[in-house]
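A look at the structure
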Amino acid sequence: MPPSRLIDFCAVWDAGVFLASAAGKGAPSGVPGRRLNEAETLNSVREAQFQRLEAERPRRPGCGVRGPVLRMAGQPPPWAYTAILLCALSLGRAIEIPMDLSQPPTITKQSVKDHIVDPRDNILIECEAKGNPAPSFHWTRNSKFFNIAKDPRVSMRRRSGTLVIDFRSGGRPEEYEGEYQCFARNKFGTALSNRIRLQVSKSPLWPKENLDPVVVQEGAPLTLQCNPPPGLPSPVIFWMSSSMEPITQDKRVSQGHNGDLYFSNVVLQDMQTDYSCNARFHFTHTIQQKNPFTLKVLTNHPYNDSSLRNHPDMYSARGVAERTPSFMYPQGTASSQMVLRGMDLLLECIASGVPTPDIAWYKKGGDLPSDKAKFENFNKALRITNVSEEDSGEYFCLASNKMGSIRHTISVRVKAAPYWLDEPKNLILAPGEDGRLVCRANGNPKPTVQWMVNGEPLQSAPPNPNREVAGDTIIFRDTQISSRAVYQCNSSNEHGYLLANAFVSVLDVPPRMLSPRNQLIRVILYNRTRLDCPFFGSPIPTLRWFKNGQGSNLDGGNYHVYENGSLEIKMIRKEDQGIYTCVATNILGKAENQVRLEVKDPTRIYRMPEDQVAKRGSTVQLECRVKHDPSLKLTVSWLKDDEPLYISNRMKKEEDSLTIFGVAERDQGSYTCVASTELDQDLAKAYLTVLADQATPTNRLAALPKGRPDRPRDLELTDLAERSVRLTWIPGDDNNSPITDYVVQFEEDQFQPGVWHDHSRFPGSVNSAVLRLSPYVNYQFRVIAINEVGSSHPSLPSERYRTSGAPPESNPSDVKGEGTRKNNMEITWTPMNATSAFGPNLRYIVKWRRREAREAWNNVTVWGSRYVVGQTPVYVPYEIRVQAENDFGKGPEPDTVIGYSGEDYPRAAPTDVKIRVLNSTAISLQWSRVYSDTVQGQLREYRAYYWRESSLLKNLWVSQKRQQAGFPGDRLRGVVSRLFPYSNYKLEMVVVNGRGDGPRSETKEFTTPEGVPSAPRRFRVRQPNLETINLEWDHPEHPNGILIGYTLKYVAFNGTKVGKQIVENFSPNQTKFTVQRADPVSRYRFSLSARTQVGSGEAVTEESPAPPNEATPTAAYTNNQADIATQGWFIGLMCAIALLVLILLIVCFIKRSRGGKYPVREKKDVPLGPEDPKEEDGSFDYSDEDNKPLQGSQTSLDGTIKQQESDDSLVDYGEGGEGQFNEDGSFIGQYTVKKDKEETEGNESSEATSPVNAIYSLA
């Protein structure tokens, strides 16, 4: 009985045991995708399910690992990722020498470079190595030999180089601090460990100090400094009160990376506790506490009114002045920071301000790396993990509140300790072979590389004629047994170093297998798997794989062989089951091993538990029916809310269901059925809703969108016949939208497993249909319901039904015969699909013969979709036939297709090439036909290669780039166009077939005549003033001849009026011209072209710029006559004059109302008194400048005008309204004089008018 194992872990990961493809993609079971999504939430489930596996999981890295594995339908177990990574790395791992063969030492284990130890424990410095013979060890300390025998405290472990320093009998560990290096030596060489820096952990005590209370004004910033004692390694800092209560931190109060506690602004309640800095030391596991700080907060509002804490503007309510932000750390507006590649970059900005500022982070010239950047400490810190060179640059933090913002720029420089580009690998050579060791490292600054051999500098080693050092590479030629040694490569810069050992071993070993023989591997159907075959030999053997003793090597198609010899099968099928043999061969012999592969059916839940709503006290049954491979042990378990379900006495767990009696409210939740074997696993989830006694039953899914029909269910196959079957299903709920159609889909497991195809469509009124089938297809069906809203999820698949076989009824299509080389013909065709194969072992009988010779048919049987016929003559027609055949017989007689063997380059060039110049840019070609037997293929075209040799113009540079013109078919003439005029050209002709160009014809030369030039370049129109317009231009890019001058045409236009065109001719050297404007209003349109003897070339057109004050005309020209009233400048002038007149009128009225003379004698009913001022003309002078009251009034105490006693009634002067008086009898309101019509027409108003009234009077 050969030894067996459960599974090759590395073989099944990629697409098998762990991936969901087996559950929903690759497998034909049709398990709905809903279960896959739900499986993603089962993180806690994975932990519980794999506790058993965690103890059994493989511990040794590499693809030789074996162990039991479960498949999750969504994600692998937590340790799977590491194992997969190790597996992937092993594909490229170096070949290991078996330990029974002689070999130099190899360091297998060593302490870290910076080795910090606990002073309370013994010191252990590890160094282990392997080799044959077993290596001996010695150490250096601080680059000097460390004599272990002289120190009774120091010993070395047996069969190991590990140092043990024992302090049980006393001694100070600090005396042993220093730099240690281990040497492992046997007769074939010496290997070195890293230089290990030994340091003793330190946790010094906090110095005693008396801290005075910290007095601070409310709203002011505050920093409480920690200043912890320096420890090794640095302690972890945190703040607490003296009563060991943690200090609550937020965006206002937080701890900086340096351990200090920052208050962006202090509030009154900060006095309610004290503040103590604590340091936790790693090795001693002790916490040291600094004396606490106490705060005294000075405030303008001494009462700590709790209502003010929730005040929308707490600071102003407490009388705290608001302040713009300022930085507490770092100081200033800019700083710099250096970080090493691969480390974490921590940028920190802590700001003060009232209100507390918000912090935002940015990177100049780009975005923050979203995959590596995260914000810490309430956005005050930005951490970028695994820094690389791209992360260098300038970052800035922006602190802002409602009072303003401030920013600090941090310039980040990324340096790098050395890191490997090519780490030297062990070199195993046979005598006489060549090889090389490569040591490439990078860093910033660039590291230096130093080679050593057996721990000594290479320069001081004995000379070796077979060895050559070339910088970072050592080259070995014609190596012999004496070349065995261990080489060290040391790459270092100011930030660190790398040390690598690589031995050179010279061996003569026939192939041998390193893994147990006759292994058993069991995998799940449709998965990707990899079969390992570890081997060794020197020279390195070649490895080939065979199946079931067949003679063909397995590589290509569904198989892929890796460099280390592993065989990958991309998708496992049933027919892949069998015995696989790997054979390793070198010049000294061969060795082989066998692996037996068993293919198992996947575990599938074909009837899932469904969501249910149940009343309290009722009985619920959750179904879970499973199909699995009968040779595997099935285990069905249940989870509730993603935790293992405890089966109480109210529950009954059967093989295919879970029953809950007397449902209670605590039973509500999600239930997951987990069906697992030792190879894979499937799961399905349902939700149970429990209703109270009086509750109205409502489905949990009622809130979800409705409309699409539910999936059909319970598919059943009946009336099984050779070419048909009846499919029956139960419709799902139509969700208030009638089902209009059913789509039946099928899947077959031979050619496209896991891919569903539409088979037929039926109306929504039926639930049973007869399906027409093709021979020899292993069918599986599912049904999709459709209504006006959309399609349902596919139903669960039916059972499989394989139809009986028959000979093919058709042959492959798209048969072609084409040569890929000059001496072959590749016959290709489109392979037939599963529904047209009609039987097992579909193959193709390919027949061919030369068409002209009418020789006997050649034939071969092919399983693929191509066949290459070799040793064929050049470009010979063949008759081709491809006929399908399976185990039941052959298909119909195929059609004959004509194909051709491969082409060779043409042997002859066109002759008698004649050129006729048509014009300055085109020529006509004519040539003689080549003989058909010289074409050696299908004539594609005659092709002309031509290039511009030079221009007839002196000192004009031309591009001599070759151009081509093709003339398809068997033509004897053609036209080459788009040439440059006035140039010398050369031309060659070739024949072109499917292979390429033939030989070139005799080179012909021709000259193109002069042509018209291209347009002048950079035509510029400038208008320095209203009298002139300046024109400038450059010579044409392509003169195409000798320039004889330029022609300028220009015309004035004004709106729709166009003046007479003027033509000016200039000499070829003139590139400037000035136009005198006829008027300041019109614009000009210019057209400029260059001339040769042939004529004028392309013209360039420009217009003069529009005047700055030109407006759009408001009226059209009549009878082509210009109307000055429509000009913009005239309209603007008229508006300005009207505005000036209006201003003058306003000024006049104001002056008149302030100092004019009013004829009022006839308007007053009382005669003028002797005190009344009079003019000679009898008018009354009223002036505001005199600041006098009206006649007959007096001034009241409050400054108003008061009417004296009079017989006159104020009503008589009004317009019938009642007057209004103050308490002292003074009059308020409009004083309006009563006028007759005649007086109104002839006299000015006697009302005392203000400037505003004067303006109103104009209206």
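Located above this text is the structure these notes cover.
Residues numbered from 1 in each chain as written. Predicted model: local features only at pLDDT ≥ 70, side-chain atom pairs only at ≥ 80, totals over all residues. Heavy atoms only, no water.

Considering the overall build of the protein chain
Across its full length, the protein chain carries 14 helices and 92 strands. Within the span of the protein chain, comprising 1259 residues, buried residues form 44% of the whole. Long-range pairs, those at least 24 residues apart, make up 65% of the contacts in the protein chain with a sequence separation of at least 6. Surface summary for the protein chain: the accessible area is close to 66,800 Å², and the carbon and sulfur share equals 49%. (Helix = DSSP H or I, 4+ residues; strand = E, 2+ residues; numbered from the N terminus. Buried < 20%, exposed > 50% of the residue type's maximum accessible area, 1.4 Å probe, protein only. Contact = heavy atoms within 4.5 Å. Areas by Shrake-Rupley, 256 points an atom, 1.4 Å probe, with all protein chains shown as cover.)

Things to note about the sheet that holds strand β79 (residues 1017-1022)
With antiparallel pairing, the three strands of this open sheet are ordered in space as β79-β80-β84. Of all the strands in the sheet, the pair left with one neighbour each is β79 and β84 (1072-1076). The average angle at which neighbouring strand axes cross in this sheet is 15°, direction not considered. Alignment of strand β80 (residues 1028-1034) against β84, held across five bridges, turns out to be antiparallel. In the sheet register, N1030 faces β84, and the bridge partner there is T1074. (Pairing = 2+ DSSP bridges. Axes fitted to C-alpha atoms, helices over the stretch in contact; angles between N-to-C directions.)

Overview of the pairing of strand β4 (residues 127-132)
Residues C127, A129 and G131 of β4 are buried on one face, while the alternating residues E128, K130 and N132, pointing to the opposite face, are not. With five bridges joining them, strand β1 (residues 103-110) and β4 adopt antiparallel strand pairing. Across the sheet, the residue bridging to I107 is A129, located in β4.

Describing the nonpolar core
General note: in soluble globular proteins, nonpolar side chains tend to be found buried as a group. Counting residues in hydrophobic clusters, the biggest one holds 30 residues, and the most contacted among them are I123, I125, W139, L163, Y176 and Y180. Among the secondary structure elements, those contributing two or more residues to this core are β3 (123-125), β4, β5 (136-141), β8 (163-165), β9 (178-186) and β11 (196-200). Ranked by size, the runner-up nonpolar core spans 23 residues in total, among them Y526, C533, L543 and V599. (Core = buried A, V, L, I, M, F, W, Y, C linked by side-chain atoms within 4.5 Å.)

Considering the pattern of salt bridges
Within the structure shown, the criterion is met by 54 salt bridges. In this structure, D997 engages R943 in a salt bridge whose closest nitrogen and oxygen atoms are separated by 3.2 Å. Highlighted residues: D997 in the loop between β77 (983-992) and β78 (1004-1007) and R943 in strand β74 (residues 941-951), separated in sequence by 54 residues. A relative accessible area of 24% places D997 in the partly exposed class. Linking R1085 and E1103 is a salt bridge whose minimum nitrogen-to-oxygen distance equals 3.0 Å. (Salt bridge = Lys/Arg side-chain N within 4 Å of Asp/Glu carboxyl O.)

As for the sheet that holds strand β13 (residues 222-224)
The antiparallel open sheet is built from three strands, whose spatial order is β13-β16-β15. The sheet terminates laterally at β13 and β15 (253-255), the two strands that pair on one side only. Sheet twist, expressed as the average angle between the axes of neighbouring strands with direction ignored, equals 20°. As paired elements, β15 and strand β16 (residues 261-263) share three bridges and run antiparallel to each other. Counted as the bridge partner of S254 is Y262 from β16.

Things to note about the side chain of R843
You can see R843 is positioned in strand β66 (residues 843-850). Of the residues examined, R843 reaches a relative accessible area of 14% and is grouped as buried. A polar side-chain atom of R843 sits 3.0 Å from a polar atom in the side chain of D887. Dropping the residues within four chain positions of it, R843 is found in contact with T861, V862, W863, Q883, A884, E885, N886 and D887. (Polar contact = N/O pair within 3.5 Å; in protein donor to acceptor, adjacent residues only side chain to side chain.)

Examining unusual backbone geometry
Omega for the peptide link from N132 to P133 comes to 5°, which places this bond in the cis form. Topologically, P133 is positioned in the loop between β4 and β5. The omega angle of the peptide bond from N444 to P445 is 5°, so this bond is cis rather than trans. Considering the arrangement of structural elements, one finds P445 in the loop between β31 (440-444) and β32 (448-453). Not every positive phi belongs to a glycine, and R159 is a case in point at roughly 55°. Along the chain, R159 falls in the loop between β7 (154-156) and β8. Not every positive phi belongs to a glycine, and N518 is a case in point at roughly 55°. Within the element layout of this structure, N518 appears in the loop between β38 (509-513) and β39 (519-524).

Examining the packing of aromatic side chains
Taken as a whole and assessed by the stated rule, the structure comprises 24 aromatic pairs. By the ring-pair criterion, three or more aromatic residues cluster together here, those being F1019, W1033, Y1046, F1066 and F1073. One Lys or Arg, R341, reaches over the ring of Y419 and ends 3.6 Å from the middle of that ring. The ring of Y562 has R530 lying over it, and the distance from NZ or CZ to the ring centre is 6.0 Å. (Phe/Tyr/Trp six-rings, centres within 6.5 Å; stacked < 30°, edge-to-face > 60°. Lys NZ or Arg CZ within 6 Å of the ring centre and 35° of its normal.)

A short note on the side chain of E747
Note that E747 resides in strand β59 (residues 739-747). Among the polar contacts made by the side chain of E747, one reaches the side chain of R800 at a distance of 2.6 Å.

Concerning the environment of H301
Secondary-structure assignment places H301 in the loop between β19 (295-298) and α7 (306-309). Along the chain, H301 and E218 lie 83 residues apart, while their C-alpha atoms are 9.4 Å from each other.

Side note on the environment of R544
The topology assignment puts R544 in strand β42 (residues 542-547). With 37 residues separating them along the chain, R544 and T581 place their C-alpha atoms 8.2 Å apart. Residue contacts for R544: discarding those within four places in its chain leaves N553, T581, C582 and V583.

A look at a nonpolar patch on the surface
Together, W1129, L1133, M1134, I1137, V1141, L1145 and F1149 make up a nonpolar patch on the protein surface, roughly 600 Å² of accessible area in all. Counting through the fold element by element, V1141 comes out in helix α11 (residues 1128-1155). Residue class for V1141 comes out partly exposed when judged on its relative accessible area of 44%. (Patch = residues over 30% accessible without salt bridge, like charges linked within 9 Å, V, L, I, M, F, W, Y side chains within 5 Å.)

Let's talk about the state of the cysteines
Under the criterion given, the structure shown has six disulfides. Here C439 is linked by a disulfide to C489, with a sulfur-sulfur distance of 1.7 Å. Since a negative S-S torsion denotes a left-handed disulfide, the C439-C489 link at about -60° is left-handed. Here C489 lies in strand β36 (residues 485-493) and C439 lies in the loop between β30 (435-438) and β31, a separation of 50 residues in the sequence. Owing to a relative accessible area of 0%, C489 belongs among the buried residues under this scheme. (Disulfide = S-S within 2.5 Å.)

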